[in-house]
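Working through the structure, step by step
Spelled out, the chains give:
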Amino acid sequence: MGAPLALAQAIEGLGVVAAAVAVAGKFVLPSPRGRAAAALLALALMPLLVVSELWDSEQIRHFRDHPGQAVGAAFATAVVVGALAVIIRHRAWLLPLMTVAALPVRIPLESGGATANLLLPLYAVAAGGVVAYAWERIRPAGDDAWVERRAGPVELALSAFVVLYALQSLYSSDFEQALKNVAFFYVPFALVLKLLVSVRWSRRLVLQCFLLAVGLAVVFVGIGFWEYATRQLFWNRKVIESNQFESYFRVNSLFFDPNIYGRFLAIVMVGLASTLLWARRQRDVLLTAALLALLWGGLVLTFSQSSFAALLVGLAALAALRWNPFRHRLLLVLAAAAVVAGAVLFADDLDITSKNAVHRSSSGRFKLVSGGLDMFADRPVWGFGAGSFAERYRERERVGSPQAATASHTTPVTVAAEQGIVGLAAYLLVVGTGLRLLFSGLGPLRGRDPPPRLVTRAFVAAGFVALVTHTLLYASFLEDPIAWTLIGLGIVLAGPEPLRGPPEPPGAEPGA
């Protein structure tokens, strides 16, 4: 390795660590201006890191060869971010709605020789929100639309995980992947979390965000039905080719991955189920039941087993909050017996007579998990470095195809293989503090008419459980902005202050 290349890699490594430290700073620094400055620093480092790492990629090379287009793209980006910043500064309550609208929008782009599904609209919302937030802190207006909250255990746990991940990227054999995870996921999603917990929420705003998510789910399901009827997908060559050889046809709607599409539907369905459990009017019951049936039809067409499991576990969490499980032991036994019976009846293709059979029955995940555990056993303390699973797995298992492995499809195994016991402890701390925050104080939900705020908290808690379950069977925990959004909403709803926000219309109930 030449001296210039070594220096460039050292600078990139310092940049990744600096971005992670800035993410932590925006939560823990004592002054509002200091937190705003840290957020701006993290925002500024994101594009610099990406451009430096992808300097020789086809897209960056195109802009290098056409500087006029590069200037034009930079100017257009600045205009969009500036416009969003102005809108959010004057109407900060629009930020959560923009965030929910942008959560599912993934645009596949070529990045470093592979396809990366980037949430470009969400990045724009995060950038505009950070500029508006920093602007308010530097030149505050008379009516401050933002509220400062002291960082709690879950924000500290998330900050520690991101900083640790950045440090462990320095010895990773696949630094490029670690950099992408930091720049494309952890930094922008942490900025979104900070913005969401800083906005003044109202009960009406919470309802609007949920209705927007339901509306998006209905649109996506409609597109999925069209795909199934016409046997055409918009993108994802791997799924298109798989549909040609399988007896079933999987749909992905506007999502690149059917499993991520199924995850989104499952979490929205958990929210609708919470509405159904505590509905007060028959009209709400009928409408909610109809929406659940529609989304269930869309979920079935994904053929995503991990999404089915996530939905079942999320519904079980809601049931435990609605009814005392210890008073319904017989129902629990019957439900468990039904699950076992269903597994026996519908698992004709499952063969556990050998490792190879289990590998085939699990769509190749058994070998990925066992390979990840072997990696963890070889380096149990520090692991092989952040983002290194795919490269190290292919090298150890002598797998030539770059598409053969990107993760173990079990998030704790991926974390253990890449980051060792230290990283696994940080991951468990995030999950543990998140669950403790979201489930604390939900005992009164077993009453007949709990406050709407507690019902919303039940949905957020059960939705988070569903998401964590999905990541145990698939991947992408903190790489999914929904995880950060649920945590942010949980922080807001668990706070002692009343929900506030835009002026309520005449006759509306006051914020909870």
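Cut-off values and rules
- Residues numbered from 1 in each chain as written.
- Predicted model: local features only at pLDDT ≥ 70, side-chain atom pairs only at ≥ 80, totals over all residues.
- Heavy atoms only, no water.
- Helix = DSSP H or I, 4+ residues; strand = E, 2+ residues; numbered from the N terminus.
- Buried < 20%, exposed > 50% of the residue type's maximum accessible area, 1.4 Å probe, protein only.
- Contact = heavy atoms within 4.5 Å.
- Areas by Shrake-Rupley, 256 points an atom, 1.4 Å probe, with all protein chains shown as cover.
- Salt bridge = Lys/Arg side-chain N within 4 Å of Asp/Glu carboxyl O.
- Patch = residues over 30% accessible without salt bridge, like charges linked within 9 Å, V, L, I, M, F, W, Y side chains within 5 Å.
- Phe/Tyr/Trp six-rings, centres within 6.5 Å; stacked < 30°, edge-to-face > 60°.
- Lys NZ or Arg CZ within 6 Å of the ring centre and 35° of its normal.
- Axes fitted to C-alpha atoms, helices over the stretch in contact; angles between N-to-C directions.
- Parallel < 35°, antiparallel > 145°, perpendicular 65-115°, else oblique.
- Nonpolar A, V, L, I, M, F, W, Y, C, P; charged D, E, K, R; others polar.
- Left-handed = near helix turned anticlockwise from the far one by under 90°.
- Core = buried A, V, L, I, M, F, W, Y, C linked by side-chain atoms within 4.5 Å.
- pLDDT = per-residue confidence, 0-100.
- Expected span 1.5 Å × (residues − 1).
- Arc of directions from axis to C-beta.

Of the regular secondary structure elements, the protein holds 20 helices and 2 strands. Evaluated residue by residue, the protein yields a buried proportion of 48% over its 512 residues. Put simply, of all contacts in the protein between residues at least 6 apart along the chain, 72% involve residues at least 24 apart. With the model as given, the accessible surface of the protein reaches about 24300 Å², and the carbon-plus-sulfur share is 66%.

On to the pattern of salt bridges, then. Following the criterion strictly, the structure yields 9 salt bridges and no others. The residue glutamate 148 makes a salt bridge to lysine 194 at a minimum N-O spacing of 3.6 Å. Of this pair, glutamate 148 sits in the loop between α6 (120-138) and α7 (153-168) while lysine 194 sits in helix α8 (residues 175-198); the two residues are 46 residues apart in sequence, bridging distant segments of the chain. A relative accessible area of 25% means that glutamate 148 is categorised as partly exposed. For glutamate 395, the salt bridge is made with arginine 392, and the minimal N-O distance between the two is 3.5 Å. Taken together, the residues glutamate 395 and arginine 392, both in helix α17 (residues 389-397) and 3 residues apart, mark about one turn of the helix. The network of salt bridges with shared partners includes Arg35, Arg137, Glu148 and Lys194.

A contiguous nonpolar surface patch, about 230 Å² in accessible area, is contributed by Val28, Leu29 and Leu156. With respect to the helices and strands, leucine 29 occurs in the loop between α1 (3-28) and α2 (32-53).

Not every positive phi belongs to a glycine, and arginine 231 is a case in point at roughly 55 degrees. Mapped onto the secondary structure, arginine 231 falls in the loop between α9 (203-230) and α10 (237-245). On the basis of relative accessibility, which here comes to 46%, the residue arginine 231 falls in the partly exposed class. Here serine 476, not a glycine, exhibits a phi torsion of approximately 65 degrees, which is positive. Residue position: serine 476 is located in the loop between α19 (452-473) and α20 (481-494).

Right, let's talk about the packing of aromatic side chains for a bit. As enumerated under the stated definition, the model contains 15 aromatic pairs in all. The interplanar angle of 80 degrees and the centroid separation of 5.1 Å between the aromatic rings of phenylalanine 220 and phenylalanine 255 together place this pair among those described as edge-to-face. A residue pair is termed long-range when its members are at least 10 positions apart, and phenylalanine 220 in helix α9 and phenylalanine 255 in the loop between α10 and α11 (258-277) qualify at 35 residues. Look at phenylalanine 220 and you get buried, because its relative accessible area is 7%. Phenylalanine 255 gets classed as buried once you look at its relative accessible area, which sits at 1%. Aromatic side chains tyrosine 427 and phenylalanine 477 sit 5.8 Å apart centroid to centroid with 85 degrees between the ring planes, which places their arrangement in the edge-to-face category. In this pair, tyrosine 427 sits in helix α18 (residues 411-439) while phenylalanine 477 sits in the loop between α19 and α20, placing the two residues 50 residues apart along the sequence. Aromatic rings pair up to connect Phe220, Phe255, Tyr261 and Phe264 into one cluster. Positioned over the ring face of tryptophan 135 is arginine 89, at 4.4 Å from the centre of the ring.

Two packed helices can be described by the angle between their axes and the distance between those axes. Packing of α7 against α20 leaves a shortest axis separation of 11 Å and a crossing angle of 150 degrees. The angle between α7 and α20 places the two elements in the roughly antiparallel class. When α7 is examined against α20, the residues Val154, Glu155, Leu158 and Val162 are found in contact with a partner set consisting of Trp484, Ile487 and Ile491. Split into classes, the residues belonging to the contact of α7 with α20 amount to 6 nonpolar, no polar and 1 charged.

Between helix α5 (residues 94-102) and α9, the least distance of the axes is 9 Å, while the angle of their chain directions is 20 degrees. In terms of axis orientation, α5 runs roughly parallel to α9. When the axes of α5 and α9 are compared, the crossing they make is right-handed. Listed contacts from α9 to Pro96, Leu97, Val100 and Ala101 of α5 are Leu205, Gln208, Cys209, Leu212, Ala213 and Leu216.

Below, the discussion takes up the nonpolar core. With 136 residues, the main nonpolar core has Trp146, Tyr186, Trp201, Phe264, Phe477 and Trp484 as its most contacted residues. Looking at this core element by element, the count peaks at 17 residues for α8. Every residue in contact with phenylalanine 264, bar those within four places of it in the chain, is listed here: Pro104, Ala213, Leu216, Ala217, Phe220, Phe255 and Ile482. By size, the runner-up hydrophobic cluster in this structure holds 6 residues, among which are Leu368, Met375, Phe384 and Phe389.

Okay, the confidence of the model for the protein next. As a general rule, the predicted coordinates of low-pLDDT regions are not to be interpreted in detail. Looking at the protein, the pLDDT average stands at 81 and 79% of residues meet or exceed 70. Looking at the elements of the protein, mean pLDDT is at its lowest for helix α15 (residues 355-361), recorded as 44, and at its highest for α7, recorded as 95. A low-confidence stretch, residues 342-362 stays under pLDDT 50, and its non-local contacts, those more than four residues away or across chains, total 13 contacts. Note on residues 501-512: pLDDT is under 50 here. Beyond four places in sequence and across chains, it has 19 contacts.

Turning next to helix α13 (residues 305-322). Over its 18 residues, α13 runs 26 Å from end to end, which matches the ideal 26 Å to within 8%, given 1.5 Å per residue. Every buried residue of α13 is listed here: Ser306, Ser307, Ala310, Leu311, Gly314, Ala317, Leu318, Leu321 and Arg322. Across the axial projection of α13, the buried residues extend over an arc of 150 degrees, all falling on one side. The exposed set on the far side of α13, more than 90 degrees from its buried face, consists of Gln305 and Leu312.

Tracing the backbone shows leucine 272 in helix α11. Counting along the chain gives 62 residues from leucine 272 to phenylalanine 210, while the straight-line C-alpha distance between them is 9.2 Å. Residues in contact with leucine 272, not counting those within four places in the same chain, are Phe210, Val214, Thr288, Leu291, Leu292 and Leu295.

We now examine the environment of leucine 164. Inspection of the secondary structure assignment puts leucine 164 in helix α7. On the accessibility criterion, leucine 164 (15% relative accessible area) is buried. It is 9.0 Å that separates the C-alpha atoms of leucine 164 and alanine 386, two residues lying 222 residues apart in sequence. If near-sequence neighbours (up to four positions away) are discounted, leucine 164 is found in contact with Gln419, Val422, Gly423 and Ala426.

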